[in-house]
Amino acid sequence: MDDKIKKLTEWIKESDNIVFFGGAGVSTESGVPDFRSVDGLYNQKYDYPPETILSHEFFMSHTEEFFKFYRDKILYEDVSPNDAHIGLAWLEKIGKLKAVITQNIDGLHQKAGSKTVYELHGTVHKNKCIKCHKEYSFDDILHMDNVPICDCGGVIKPEVVLYGEMLDDATMMNSIKAISNADILIIGGTSLAVYPAAGLINYYRGKKLVLINKSVTPRDSEASLVINEPIGKVFREIMAELKE
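One structure accompanies this document, and this report is about it. Computed from a predicted model, the values in this text were never measured in an experiment.

Together, Glu-77, Asp-78, Asp-139 and Asp-140 give the surface a local cluster of negative charge. Inspection of the secondary structure assignment puts Asp-78 in the loop between α5 (63-74) and α6 (83-93). Overall, the relative accessible area of 73% leaves Asp-78 in the exposed class.

Right, here's the structure in full:
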């Protein structure tokens, strides 16, 4: 086992107040594409940039085009949790992990069994009519034609945070509280480039800040431990050691 992963494993053994903060890199190993890599959505060609399509203004003014992109590039039907999701759920189950804070909207943490999950950017698994507020499922949206319309005639909107929309206050406050109280903060699969989410790291008061990412981040110099490995591999090795 790599010395850095071994050190993290020892820290985990000694702690019962761990918080995990994750980004797109946590889900790419499950087959969910990210936005900012060389092959990510931001580097593909569309009539409009993805940042424009995934904005509140575009949703309201070009609703049909929004949903074409959304179904094609955001909704993934056949994806399963990977070793990182599974490992985090297990750490919560045995009382070590207190919360998962995620920028992802795919629901894979819950699918793996995690209970306390704060979804900063919302989720594809909740959808609501903008007129009567009736709720609809992931499958409802996936299988409706064109623009999904509620029984009342209103447009059904995914409960994901689009560009130009505010993050949910309660989710942010719960995330800040969890990070502020954490003994160990593990940040994984994120470039720490998206704000205000990336600013949550500033609330950590502990002395064991761990960054797990395949590439460097702007906050590496502040970390107690930097592991430049695929996050699934890291958690696979940690779980193997802890379960011995």
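This brings us to the environment of Cys-150. Position of Cys-150 relative to the elements: it lies in the loop between α8 (138-143) and β6 (156-160). By relative accessible area, which is 4% here, Cys-150 ends up buried. Placed 18 residues apart in sequence, Cys-150 and Cys-132 show a C-alpha to C-alpha distance of 8.4 Å.

In spatial order, the strands read β5-β4-β6; together these 3 strands make up an open sheet with antiparallel pairing. Of all strands in the sheet, those bounded by a partner on one side alone are β5 (135-136) and β6. Of the strands in this sheet, β4 (122-129) and β6 are in contact with α5, which crosses β6 at around 45°.

What follows covers the packing of α6 against helix α10 (residues 231-242). Here α6 crosses α10 at 40°, and the two axes come no closer than 7 Å. Between α6 and α10, the interaxial angle falls into the category oblique. When the axes of α6 and α10 are compared, the crossing they make is left-handed. Between α6 and α10, the contacting residues are Asp-83, Ala-84, Gly-87, Leu-88, Trp-90 and Leu-91 on the first element and Ile-231, Gly-232, Phe-235, Arg-236, Met-239 and Leu-242 on the second. Of the residues in the contact of α6 with α10, the class split is 8 nonpolar, 2 polar and 2 charged.

Thresholds applied
- Residues numbered from 1 in each chain as written.
- Predicted model: local features only at pLDDT ≥ 70, side-chain atom pairs only at ≥ 80, totals over all residues.
- Heavy atoms only, no water.
- Patch = residues over 30% accessible without salt bridge, like charges linked within 9 Å, V, L, I, M, F, W, Y side chains within 5 Å.
- Areas by Shrake-Rupley, 256 points an atom, 1.4 Å probe, with all protein chains shown as cover.
- Salt bridge = Lys/Arg side-chain N within 4 Å of Asp/Glu carboxyl O.
- Lys, Arg positive; Asp, Glu negative; His and termini not counted.
- Charge placed at Lys NZ, Arg CZ, Asp CG, Glu CD.
- Helix = DSSP H or I, 4+ residues; strand = E, 2+ residues; numbered from the N terminus.
- Buried < 20%, exposed > 50% of the residue type's maximum accessible area, 1.4 Å probe, protein only.
- Pairing = 2+ DSSP bridges.
- Contact = heavy atoms within 4.5 Å.
- Axes fitted to C-alpha atoms, helices over the stretch in contact; angles between N-to-C directions.
- Parallel < 35°, antiparallel > 145°, perpendicular 65-115°, else oblique.
- Left-handed = near helix turned anticlockwise from the far one by under 90°.
- Nonpolar A, V, L, I, M, F, W, Y, C, P; charged D, E, K, R; others polar.

Purely geometric numbers; function is a separate question.
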